[in-house]
Amino acid sequence: MKVTVVGAGAVGASCAEYIAIKNFAEEVVLVDIKEGFAEGKAMDLMQCASLNGFDTKITGVTNDYSKTADSDVAVITSGIPRKPGMTREELISTNAGIVKQVAENLIKNSPNVTIIVVSNPMDTMAYLAHKATNLPKNKIIGMGGALDSARFKYRLAEALECPASDVDGMVIGGHSDTGMIPLTRLATRNSVPVSKFISNDKLENVKEETKVGGATLTKLLGTSAWYAPGAAVSAMVHAIANDSKKMFPCSCLLEGEYGLKDISIGVPAIIGKNGIEEIVEIELDDAEKAKLNESAEAVRKTNGLL
Ligand code: NAI
């Protein structure tokens, strides 16, 4: 498996590091526009190989897409991250041009690639990648829900005072502070509904903390987070490489599922060797349905800025 990661910044490098440590890919190519930056990150990461015991070959290039040829998976993390107080949507004017050009360069060299879009505003960038490449709809996946769900589980575990591995939960909807829908109704601790363990007030608080999870970190770090985003992307790349058929909420181009059309937004999907193997339609209650429609309206509004 050959993986290209465009953008050797915080998220791109973290994702390359997790992929290497898991030791399932033969090659990772890091691409950045900043002269020498990807080469430097690749060299630094390769100097971990003997320490961390991996065989994945990591190389770095400055904007040379010929080196990405025949990639099985490409991850787009290029673009600017938000600063404290900014919304993801405010990044569109800079990131749309970057994502479009990067997606076009990727498919010229790897016509059968599966693309994972990370750059924000992610749902709109995933939609843009569809328009720019015309790849089959299963071949473009937006990463947002995997991260938001991990943050949801972190907050649930904190509130329940239990290990995160004890809880299960999922966030669907748009990858934005207002668009995310943490499905508290379906969250469980070892199959037992979490409402058994915490009050509704506490559960509401978990929901709110989850939705502003990225903003909380941006305030603390001065820029957006990278470890959990990198881990979330690498888990999805691993599911494709291994044909695991693992389910992640992720941004999928919908054609009628959940009553939505011509929009990329976070819904549960099975991920395997073909990218999105299947979109899973779960039964939502009326409030959740209304929230998903509201979230989709907001994504459409951002798409309108393209
Ligand atoms: P960063 O600034 O550390 O790295 C971005 C890299 O992209 C830089 O090294 C820059 O030189 C490079 N770049 C810019 N234009 C390029 C081009 N045309 N071709 C190749 N490389 C180019 O930013 P960070 O923190 O890695 O974030 C990257 C993106 O990911 C941001 O848009 C951020 O908002 C988004 N993000 C999305 C998440 C999600 O859940 N979907 C989570 C975290 C970040």
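Anyway, here's the lowdown on the structure attached to this text. Values in this document were obtained by computation on a predicted structure and should not be read as measured data. (Residues numbered from 1 in each chain as written. Predicted model: local features only at pLDDT ≥ 70, side-chain atom pairs only at ≥ 80, totals over all residues. Heavy atoms only, no water.)

**Comments concerning the packing of aromatic side chains**
Piece 1. Under the definition given, this model contains 1 aromatic pair.
Piece 2. Relative to Tyr 227, the ring of Trp 226 has its centre 5.6 Å away and its plane inclined at 50°; by these criteria the two rings are tilted.
Piece 3. Judged by its relative accessible area of 25%, Trp 226 is partly exposed.
Piece 4. For Tyr 227, a relative accessible area of 55% corresponds to the exposed category.
Piece 5. Over the face of the ring belonging to Phe 37 we find Lys 34, whose NZ or CZ atom lies 3.9 Å from the ring centre. (Phe/Tyr/Trp six-rings, centres within 6.5 Å; stacked < 30°, edge-to-face > 60°. Buried < 20%, exposed > 50% of the residue type's maximum accessible area, 1.4 Å probe, protein only. Lys NZ or Arg CZ within 6 Å of the ring centre and 35° of its normal.)

**Structural notes on the site of the ligand**
Piece 1. With respect to spatial proximity, 29 residues lie near the ligand, and among them Ala 10, Val 11, Asp 32, Ile 80 and Met 143 are the closest.
Piece 2. Between His 175 and the ligand, the recorded distance is 3.0 Å, taken from a side-chain N or O atom to an oxygen atom.
Piece 3. Protein coverage of the free-state accessible area of the ligand, which is 870 Å², stands at 90%.
Piece 4. Going through the elements one at a time, helix H1 (10-22) and helix H4 (92-109) are the ones with two or more residues in the shell around the ligand.
Piece 5. It is H4 that provides the largest number of residues to the shell around the ligand, a total of 4 residues.
Piece 6. Across the shell around the ligand, the residue classes tally to 16 nonpolar, 11 polar and 2 charged.
Piece 7. For the shell around the ligand, the two domains that each supply at least three residues are domain 1 (2-144) and domain 2 (145-304). (Near = heavy atom within 4 Å. Polar contact = N/O pair within 3.5 Å; in protein donor to acceptor, adjacent residues only side chain to side chain. Areas by Shrake-Rupley, 256 points an atom, 1.4 Å probe, with all protein chains shown as cover. Helix = DSSP H or I, 4+ residues; strand = E, 2+ residues; numbered from the N terminus. Nonpolar A, V, L, I, M, F, W, Y, C, P; charged D, E, K, R; others polar. Domains from an automatic or database assignment.)

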